[in-house]
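Examination of the molecular architecture
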Amino acid sequence: MAMISRIRIATTALLLAAALLPSASSLSAVRISHRRGRGPTPLSRSSPPRRAASPRKSSTALAAVEGDFDPDAISKSVAEAQSGSLKARLRSFYKFTRPHTIRGTVLASFAGTIRALIDTPGAIANANWGAMLPRAVIGMVALLLGNAFIVGINQIYDKDIDVLNKPFLPVASGEMSKSAAWAAVGFCGIVGPAIVYNFFPPLLFRLYMLGWTLGAVYSVPPIRTKRNALAAGLTIATVRGFLLNFGVYYAVKDAIGAPFSWSPKVFFIARFMTTFATVIAVTKDLPDVEGDKAFNISTFATKVGVPRIARGASLVLLLNYVHAILTGVLAKAGTFRMVPMVGGHAVLATMLLARFRELEPEKLASIKKYYKHIWDLFYLEYVLYTLFESEGHRVELALTKKYYENTWNQLHLNCVFWELSFELGVGYAMGKKEIDN
C-alpha cells in the first residue's frame, strides 16, 4: 500500500509538471538574429552600451546587472575605483568573485556539512565544536579562494569577450586593472591550496588541486577547454557537480573521525548536481552567443541556437527531477522523507516549466532571466538536500536529551539554518538586481 501511495503521489506530480510543458514546436520557429541590425545590439568598445529603457533610477548597483547595462552606472563605478576609494575597490573585488558562484559554493558547503552530521549517529551531540568550527571556517575560506581563482583567471583571459558579453565585470569595464586582477588570482591560487595542504587529508588536497587545475585550463591557453563545448561542460560538471559535493562530505566525515561511506542521500546529490551543473555549463552560454561567435568560441548555443538549447536544457532538468521523484518512490522505506524528496522536486519541476514557458528566446533580457532562474533552482536543491532524512532517523539524531542540554550545539544548529536562509534570500534578492552568468 505504501508503494502504491508513493506511485500515486509521483504520478500526480508528473502530470502537473507535464501540463505546463509547451509543445515541441512552440519554440521551433523562433530564431535569434546575430546580425547587429536586428535584435539586441551587443556592446563593444566602438559602440558604447545603450541605456536600458527602464523607469528605474540609475544607480551604481546597476553596474552588475546583466541585460540592463547602464553605461552611467558602469562609468561611475570605474571612476570611483580609479579614484582610489577603498570601498569602490572592495566592491570591484566582490564583483570579481562572481557572487552567484559564491552563493552556490556556500550553500553546497552548509548542506554537505549538515548531511554528514545527520548521517553520523551521535555526531551532533558529541562533536567537539571548539575544534570543528575553526576547521570548518578554514575549509570554507579555502573553497571560496579556489572559487575566486577560477572565476578570476577566466575574467583575465576573457576580457575582450566580456567587453561584448559582460561589460559590467570589473576587468572588462576597467574598474579593476589587469595587474590587480593578477594579484588577486595569484593570492587566491596560492593561499587556497596551501590551506588545504596544511589542514586537510591528502585525498582532499588532491581533489582540490584537480578542481584547481580543471578550472585553470578551462580559461588558460593553449588548452583552454572552454573553446570546446563538450570539454567545457565536462569541466564545470566535474568541479561543481561531483568534486564540491563529495569533497565537503568527506571533509566533515574526516573532521568528526567517522569513516566515509556512500549514503543514499550523498550518492543521489552527487548524481543530481553533476547533471544540474552540466546544464548550467551549457545554458551559461545562452546570453553570450554574440561575443562567442566574434571570438570563435564554440559552444552548443552558437552551434545549435538558443531556442533548441533552452528547450533541451529544460528537458534534461525535467528528467533530472523525474529521476529524483522516482528515486524517492522506489527507495527502501525510510530512506528519504517523501515530502521533500517527491513533493519538493515536483514543485521545483513545476517552477522550471513555468519559467520555460515565459522564455522569449529572441529577447536577450528574457534569456538572462531564464538563466538566472536555473541558478535559483540550483540553490533550492541544496535546501531540499538537508531535508531528505527519514522522520524516524531525524528524531533519533536530533531529539536527544544531550542535544538540547548543550546550548552551544543548539546555537550552532540555529546559526547554520539562519545562514542557509540568508544565502537563499540573498540569491533571490540579488537575482532581482543582477542576472549573473
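In this report, we go over the structure that sits alongside the text. (Residues numbered from 1 in each chain as written. Predicted model: local features only at pLDDT ≥ 70, side-chain atom pairs only at ≥ 80, totals over all residues. Heavy atoms only, no water.)

Brief notes about the overall build of the protein chain
Summing up its helical and strand segments, the protein chain has 20 helices and zero strands in all. Summed over all atoms, the accessible surface of the protein chain reaches about 19,800 Å², with 66% contributed by carbon and sulfur. (Helix = DSSP H or I, 4+ residues; strand = E, 2+ residues; numbered from the N terminus. Areas by Shrake-Rupley, 256 points an atom, 1.4 Å probe, with all protein chains shown as cover.)

Focus on the pattern of salt bridges
Applying the stated criterion to the full structure yields 12 salt bridges. The closest approach of N and O atoms between Glu-80 and Arg-91, which form a salt bridge, is 2.5 Å. Taken as a pair, Glu-80 in helix H2 (residues 71-82) and Arg-91 in helix H3 (residues 86-96) lie far apart in primary sequence, 11 residues in all. Residue classification places Arg-91 among the partly exposed residues on the basis of a relative accessible area of 23%. As a salt-bridge pair, Asp-158 and Arg-224 come within 2.7 Å of each other at their nearest N and O atoms. Here the residue Asp-158 occupies a position in the loop between helix H6 (129-157) and helix H7 (159-165), and Arg-224 occupies one in the loop between helix H10 (202-219) and helix H11 (229-255), the gap between them amounting to 66 residues. Each member of the pair, Asp-158 as well as Arg-224, is classed as buried. Shared partners join several salt bridges into a network, and the residues in it are Asp-158, Arg-224 and Lys-226. (Salt bridge = Lys/Arg side-chain N within 4 Å of Asp/Glu carboxyl O. Buried < 20%, exposed > 50% of the residue type's maximum accessible area, 1.4 Å probe, protein only.)

Some points on the packing of helix H15 (residues 306-330) against helix H16 (residues 338-358)
For the pair H15 and H16, interaxial distance at closest approach is 8 Å and the crossing angle is 165°. Classified by the angle their axes make, H15 and H16 are roughly antiparallel. Seen along the crossing, H15 lies across H16 with a hand that is left-handed. Touching Ala-310, Arg-311, Ser-314, Leu-317, Leu-318, Tyr-321, Ala-324, Ile-325, Thr-327, Gly-328 and Val-329 of H15 are Met-338, Met-341, Val-342, His-345, Ala-346, Leu-348, Ala-349, Leu-352, Leu-353 and Phe-356, all from H16. Residue composition of the contact of H15 with H16, grouped by class: 16 nonpolar, four polar and one charged. (Axes fitted to C-alpha atoms, helices over the stretch in contact; angles between N-to-C directions. Parallel < 35°, antiparallel > 145°, perpendicular 65-115°, else oblique. Left-handed = near helix turned anticlockwise from the far one by under 90°. Contact = heavy atoms within 4.5 Å. Nonpolar A, V, L, I, M, F, W, Y, C, P; charged D, E, K, R; others polar.)

Here's the deal with unusual backbone geometry
Backbone geometry follows two general trends: most residues other than glycine have a negative phi, and most peptide bonds adopt the trans configuration. Backbone torsion omega between Pro-221 and Pro-222 reads 5°, so that peptide bond is classified as cis. Residue placement: Pro-222 occurs in the loop between H10 and H11. Look at Arg-224: it is not a glycine, yet its phi comes out positive at around 45°. For Arg-224, a relative accessible area of 8% translates into the label buried.

Focus: helix H9 (residues 178-199)
Over its 22 residues, H9 runs 32 Å from end to end, which matches the ideal 32 Å to within 8%, given 1.5 Å per residue. Buried within H9 we find Ala-181, Ala-184, Val-185, Cys-188, Gly-189, Gly-192, Pro-193, Ile-195 and Val-196. End-on view of H9: buried residues confined to an arc of 155°, all on one side of the axis. Opposite its buried face, H9 presents the exposed residues Ser-179, Phe-187, Ile-190, Tyr-197 and Asn-198, each directed more than 90 degrees away. Buried residues along H9 sit against H3, H6, helix H8 (170-173) and H10. (Expected span 1.5 Å × (residues − 1). Arc of directions from axis to C-beta.)

Digging into the packing of aromatic side chains
Applying the stated criterion across every chain yields a total of 20 aromatic pairs. One aromatic cluster is present, built from ring pairs that chain together Phe-268, Phe-272, Phe-276, Tyr-321, Phe-336, Trp-375, Phe-378, Tyr-379 and Tyr-382. Lying over the aromatic face of Tyr-385, Arg-115 brings its terminal NZ or CZ to 5.5 Å of the ring centre. In this structure, Arg-271 is placed above the aromatic ring of Phe-267, and the distance from its NZ or CZ to the ring centre is 4.7 Å. (Phe/Tyr/Trp six-rings, centres within 6.5 Å; stacked < 30°, edge-to-face > 60°. Lys NZ or Arg CZ within 6 Å of the ring centre and 35° of its normal.)

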